[in-house]
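In case you want the letters, here they are:
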Amino acid sequence: MQELVNIFVKSIFIDNMVFAYFLGMCSYLAVSKTVKTSVGLGIAVIFVLGITVPVDFLINKYLLSEGALTWLGPDFASVDLSFLSFIMFIAVIASMVQLVEMIIEKFSPALYTSLGIFLPLIAVNCAILGGSLFMQEREYASIAEATSFGLGSGVGWFLAIVGIAAIREKIRYSNVPAPLRGLGITFIITGLMGIAFMSFMGIKL
Amino acid sequence: MAEEVKTKEPLFSPKNKKLIFNPLSKDNPITVQVLGICSALAVTAKLEPAVVMSISVLAVLALANVVISLLRNTIPSRIRIIVQLVVIASLVILVDQVLKAFAYEVSKQLSVFVGLIITNCIIMGRLEAFAMGNKPWPSFLDGLGNAFGYAWILIVVAFFRELFGSGSVYGYPVMEWIGVYNIGYKNNGMMILPPMALITVGIIIWVQRSRNKELIEEN
């Protein structure tokens, strides 16, 4: 249990998707103009990461990695399909996003109207594929660890985008040098936020 | 026959040249179109991975543009995203396997970022915006142009980060050769850390926009 909490906290603050690995920067920069829309996108990312990382974990463990197919019979023990992981992961993500969109539309129209437009955007968000690839690279031991990593990364991304959106709303009232306006200053602020987040480095529960 | 030759464009007509040279400056994928930033920053702590990454993106982008452009009339528009993803993912798998075979050290350093070329927005963006509506040759040039635009930003950022962060250029200890350590110069370890990549790109954008006033944003 402690290990799970540790992974969760670590993936929020230390291995933050945006500040440590620059994942999902495209939508991070494009959608962070107001806090309201960025909260919507942030929640959608938590949601999708929390689903796709465990699903990809199962696929990786029982289909792709070396010796994963032993449950089919001893002949398959030496089969290594890990070169297929990119295409499998992206297919899982694209179809899970579609599925999640349909389920939300059916059961919670209110949530759908607030998240709806963001879900298709997410299929090509690098943070989602990055989550699955990091999960594969770091070799988490169980599905619980993978889920906690997925949710933690989502929460970290949420914090980052809501933070930058709040700052960008305020910065409209300041006198930024003309060539830096918009994109330039957003980059520099993100860099400064990254430095702030680096002070969490070394935290261990 | 003569007429057909006349109407045919030369391979490097002014329009085609524009496709290559515009993305280098005023239509740059990173600093102006804001595409493909995810992977651009993470690989720039050293020059070598940045160069390898640029070459990989160049290969994937140019080939994906050509393939999609050849298929553009047969892809049903409802499922085009999936088709594009499949084409990109197969090319990226090829690049990944080649890197693992011939440049294993660098491919370890790039870790997940080779895979993340799949979701690199430059590639999807160019496929959507250009290759779906143009012939293979212009699409190829557009792919090359955008990849070069991406590459030079990567290489400039990596050059400065490696020079000031580790005191070397492409692994060669340049600062040591100049002998600045003797007069009290120290490497700035900050440049190696992720946040400085963002600030370096911010400064590049600043310089570019103060030279080219058209690009300045309203707010």
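Parameters and conventions
Residues numbered from 1 in each chain as written. Chains lettered and ligands numbered in written order. Predicted model: local features only at pLDDT ≥ 70, side-chain atom pairs only at ≥ 80, totals over all residues. Heavy atoms only, no water. Helix = DSSP H or I, 4+ residues; strand = E, 2+ residues; numbered from the N terminus. Buried < 20%, exposed > 50% of the residue type's maximum accessible area, 1.4 Å probe, protein only. Contact = heavy atoms within 4.5 Å. Areas by Shrake-Rupley, 256 points an atom, 1.4 Å probe, with all protein chains shown as cover. Lys, Arg positive; Asp, Glu negative; His and termini not counted. Charge placed at Lys NZ, Arg CZ, Asp CG, Glu CD. 1 Å grid on protein atoms, 1.4 Å probe; cavity = no way out; pocket = protein on both sides within 12 Å on 5 of 7 lines; lining within 4 Å. Points joined across faces, edges and corners; volume = space filled by probe spheres on them. Nonpolar A, V, L, I, M, F, W, Y, C, P; charged D, E, K, R; others polar. Salt bridge = Lys/Arg side-chain N within 4 Å of Asp/Glu carboxyl O. Patch = residues over 30% accessible without salt bridge, like charges linked within 9 Å, V, L, I, M, F, W, Y side chains within 5 Å. Core = buried A, V, L, I, M, F, W, Y, C linked by side-chain atoms within 4.5 Å. Buried area = accessible area lost by both parts, 1.4 Å probe. Polar contact = N/O pair within 3.5 Å; in protein donor to acceptor, adjacent residues only side chain to side chain.

Enquirer: Explanation requested: the overall build of chain A in the structure shown.
Expert: When helices and strands are counted, chain A shows ten helices and zero strands. Starting at the N terminus and ending at the C terminus, chain A contains elements arranged as α-α-α-α-α-α-α-α-α-α. If one aligns the C-alpha atoms of chain A with their principal axes, the spans along those axes are about 70 × 45 × 35 Å. For chain A, the proportion of its 205 residues judged to be buried stands at 51%. In chain A, of all internal contacts separated by at least 6 residues, the share reaching a separation of at least 24 is 76%. Taken as a whole, chain A presents about 9,100 Å² of accessible surface, with 69% of it coming from carbon and sulfur. Looking at charge distribution, chain A has the averaged site of its 11 positive side-chain charges lying 19 Å from that of its 12 negative ones.

Enquirer: I keep staring at the overall build of chain B and nothing clicks. Help me out?
Expert: Helix and strand content of chain B: ten helices and zero strands. Put simply, chain B runs from its N terminus to its C terminus through helices and strands in the order α-α-α-α-α-α-α-α-α-α. The dimensions of chain B, computed from C-alpha atoms along their principal axes, are 70 × 45 × 40 Å. Across the 219 residues that make up chain B, the buried fraction comes to 47%. Pairs at least 24 residues apart make up 74% of the contacts formed inside chain B by residues separated by at least 6 positions. Carbon and sulfur atoms form 65% of the exposed surface of chain B, whose accessible area is close to 10,900 Å². Treating the 19 positive side-chain charges of chain B as one cloud and the 14 negative ones as another, the clouds have centres 3 Å apart.

Enquirer: Would you mind showing me how to read the layout of surface pockets here?
Expert: Gaps between atoms show up when a probe of the same size as a water molecule is rolled over them. Roughly 770 Å³ of volume is contained in the largest pocket. Around the largest pocket sit 24 residues that line it, and S82, L133, Q136 and E137 of chain A together with K100 of chain B are the ones nearest its centre. Of all the secondary structure elements, the ones that give two or more residues to the lining of the largest pocket are α4 (35–64), α5 (85–107) and α8 (126–138) of chain A together with α5 (80–102) and α6 (104–110) of chain B. Top element by residues in the lining of the largest pocket is α8 of chain A. It accounts for four residues. In terms of residue class, the lining of the largest pocket is built from nine nonpolar, nine polar and six charged.

Enquirer: What's the story with the environment of L58 of chain B in this structure? I'm lost.
Expert: Residue and element names in this part refer to chain B. Among the structural elements, L58 can be located in helix α4 (residues 47–71). In this structure L58 comes out as partly exposed when scored by relative accessible area, which is 22%. Taking C-alpha positions, L58 is 12 Å from N120, a pair spaced 62 residues apart along the chain. Not counting chain neighbours up to four residues away, the residues in contact with L58 comprise L144, A147 and F148.

Enquirer: Which parts of the structure should I look at to understand the side chain of E145 of chain A?
Expert: Residue and element names in this part refer to chain A. Inspection of the secondary structure assignment puts E145 in helix α9 (residues 143–171). No salt bridge is formed by the buried E145; the nearest opposite charge belongs to K61, separated by 9.9 Å. Residues contacting E145, with those up to four places away along its chain left out, are E3, L4, I7 and Y140.

Enquirer: Sorry, what's going on with a nonpolar patch on the surface here?
Expert: Residue and element names in this part refer to chain A. Together, L58, Y62, L63, W71, L72, F76 and I143 give the surface a local cluster of nonpolar side chains, amounting to about 650 Å² of exposed area. By residue number, the principal contributor to the nonpolar patch is α4, which donates three residues. Here L58 is to be found in helix α4. For L58, a relative accessible area of 37% corresponds to the partly exposed category.

Enquirer: Mind showing me how you'd approach empty space enclosed by the protein here?
Expert: Taken as a whole and judged by the stated rule, the model has one cavity of 30 Å³ or more. In this structure, the largest cavity encloses a volume near 40 Å³. Taken together, F187 of chain A together with I30, I37, A40, L41, T44, I153, L154, V157 and V201 of chain B make up the lining of the largest cavity. Of all the elements in the fold, those that place two or more residues in the lining of the largest cavity are α3 (37–42) and α8 (136–166) of chain B.

Enquirer: Before we go on, may I ask you to explain the nonpolar core in this structure?
Expert: In terms of nonpolar packing, the biggest core is built from 112 residues, with M25, Y28, I122, W157 and F187 of chain A together with L41 of chain B touching the most fellow members. Top contributing element to this core by residue count: α5 of chain A, with ten residues. Once residues lying within four places of it in the same chain are set aside, the contact partners of W157 of chain A are M17, V18, L23, G24, S27, Y28, L41, G42, V45, N125 and A127 of chain A.

Enquirer: How should I be thinking about the pattern of salt bridges in this particular structure?
Expert: Pairing of side chains with opposite charge becomes possible as their charged atoms draw close. Residue and element names in this part refer to chain A. All chains considered together, the criterion is met by four salt bridges over all chains. Across the pair D15 and R138 runs a salt bridge whose closest N-O atoms are separated by 3.8 Å. Of this pair, D15 sits in the loop between α1 (2–14) and α2 (17–21) while R138 is found in helix α8, placing the two residues 123 residues apart along the sequence. Classification of D15 as buried rests on a relative accessible area of 17%.

Enquirer: Whenever I open this one, the interface of chain B and chain A confuses me. Can you help?
Expert: Much of the literature gives interface size as the accessible area that the parts lose upon coming together. Listed per partner, the contact involves 43 residues of chain B and 39 residues of chain A. Summed over both partners, the interface of chain B with chain A comes to about 3,600 Å²; 83% of that surface belongs to carbon and sulfur atoms. Our count for the contact surface shared by chain B and chain A stands at zero salt bridges. At the boundary of chain B and chain A, one finds zero residue pairs in polar contact (both at pLDDT 80 or more). At the level of secondary structure, the elements contributing two or more residues to the side of chain B that touches chain A comprise α3, α5, α7 (121–129) and α10 (194–211) of chain B. With eleven residues, α10 of chain B is the single largest residue contributor to the side of chain B that touches chain A. Of the residues assigned to the side of chain B that touches chain A, the class counts are 29 nonpolar, ten polar and four charged.

Geometry only, nothing functional implied.
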